[in-house]
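This is what each chain is made of:
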Amino acid sequence: MTTTDWITDIALLLVVFRQLREGRLDAKSYLIPLGIVGYVAHTYLNTVPTGGNDLVLIGTLVAIGAALGVAGGVYTRIRSVGTHLFIKAGAVSATLWVLGMGARMGFQLWVDHGGADNLARFSASHQITTGDAWVAAFVLMALTEVVTRLATIFVRGRMVARAQQPAVDGQRSAVAADRAL
């Protein structure tokens, strides 16, 4: 692993640790993780191989990333304070995030430190045509995990905001009625 690989992997892990403390849900909450995975995708995703069982591998890891992302988003607490939304990643959300990001990091370390021959044999016996299939699968898994987690948080945030809206409108109507008298 290069220094850039380490920095990128650690940055992705720190995203959720930053959310272990409650913070305001704002554009930064979305843009920072999207920027990191966008950089990773741009840097490492050169091709999406389609030969042999490459798409099965990619589809499997993308599905795992989606499941981890949705579950992570569901287990992130969202609450409304006035007109602002606040989020806090819970233990389950943080564990799922570390599991997904850590699995990719661990896989890369294993391949770099003696696992390459085993991976080559596994790939050959399962008709995975190139190492690019593994790269694409793990990059797309990370991208999917981040996007589905953020999408889940976005939808849940809108639901929380809407649940608060009638009370705010009711208060405004009551204040307007009081002023009219």
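I will try to describe carefully the structure that is included in this document. None of the values given here were measured: they were computed from a predicted structure. (Residues numbered from 1 in each chain as written. Predicted model: local features only at pLDDT ≥ 70, side-chain atom pairs only at ≥ 80, totals over all residues. Heavy atoms only, no water.)

Let's talk about the pairing of strand β3 (residues 84-89)
Each regular strand shows side chains that alternate between the opposite faces of the sheet.
Logical step 1: Alternating positions in β3 separate cleanly, Leu85, Ile87 and Ala89 being buried on one face and His84, Phe86 and Lys88 remaining unburied on the opposite face.
Logical step 2: As paired strands, strand β1 (residues 23-24) and β3 are joined by two bridges and run antiparallel to one another. If you follow Gly23 over to β3, its bridge partner there is Ile87.
Logical step 3: With six bridges joining them, strand β2 (residues 76-81) and β3 adopt antiparallel strand pairing. Counterpart to Ile78 in the pairing with β3 is Ile87.
Logical step 4: Taken together, β2 and the strand that follows it, β3, pair antiparallel across an intervening segment of two residues, in which Gly82 is found at a positive phi of about 65 degrees. (Buried < 20%, exposed > 50% of the residue type's maximum accessible area, 1.4 Å probe, protein only. Helix = DSSP H or I, 4+ residues; strand = E, 2+ residues; numbered from the N terminus. Pairing = 2+ DSSP bridges.)

Observations concerning the nonpolar core
Logical step 1: By size, the foremost hydrophobic cluster in this structure holds 16 residues, and its most contacted members are Leu25, Met101, Val146 and Ile153.
Logical step 2: Filtering out sequence-adjacent residues up to four positions away, Met101 remains in contact with Leu12, Leu13, Glu145 and Val146.
Logical step 3: The next biggest cluster of nonpolar side chains, apart from the first, holds 15 residues, and it includes Leu57, Ile58, Leu119 and Ala136. (Core = buried A, V, L, I, M, F, W, Y, C linked by side-chain atoms within 4.5 Å. Contact = heavy atoms within 4.5 Å.)

Quick notes on the side chain of Thr148
Logical step 1: Tracing the backbone through its elements, the reader meets Thr148 in helix α5 (residues 131-180).
Logical step 2: Residue classification places Thr148 among the buried positions, given a relative accessible area of 19%.
Logical step 3: Here the side chain of Thr148 touches Thr144 through a polar contact of 2.7 Å, landing on its backbone oxygen.
Logical step 4: If near-sequence neighbours (up to four positions away) are discounted, Thr148 is found in contact with Gly65, Ala66, Gly69 and Val70. (Polar contact = N/O pair within 3.5 Å; in protein donor to acceptor, adjacent residues only side chain to side chain.)

Looking at the environment of Val135
Logical step 1: Residue position: Val135 is located in helix α5.
Logical step 2: Val135 sits 31 residues away from Arg104 along the chain, and the two C-alpha atoms are 9.8 Å apart.

Structural notes on the pattern of salt bridges
Logical step 1: If you walk through the whole model with that rule in mind, you get three salt bridges.
Logical step 2: In this structure, Arg79 and Glu22 form a salt bridge, with 2.5 Å as the shortest nitrogen-oxygen distance. Here Arg79, found in strand β2, pairs with Glu22, found in the loop between α1 (3-18) and β1; they are 57 residues apart in sequence, far enough to count as distant.
Logical step 3: Glu22 gets classed as partly exposed once you look at its relative accessible area, which sits at 29%.
Logical step 4: The shortest N-O distance in the salt bridge between Glu145 and Arg104 comes to 3.1 Å. Residue Glu145 is located in helix α5, and its partner Arg104 is located in helix α4 (residues 91-125); the two are separated by 41 residues in the primary sequence.
Logical step 5: Taking relative accessible area as the criterion, Glu145 reaches 1% and is therefore assigned buried. (Salt bridge = Lys/Arg side-chain N within 4 Å of Asp/Glu carboxyl O.)

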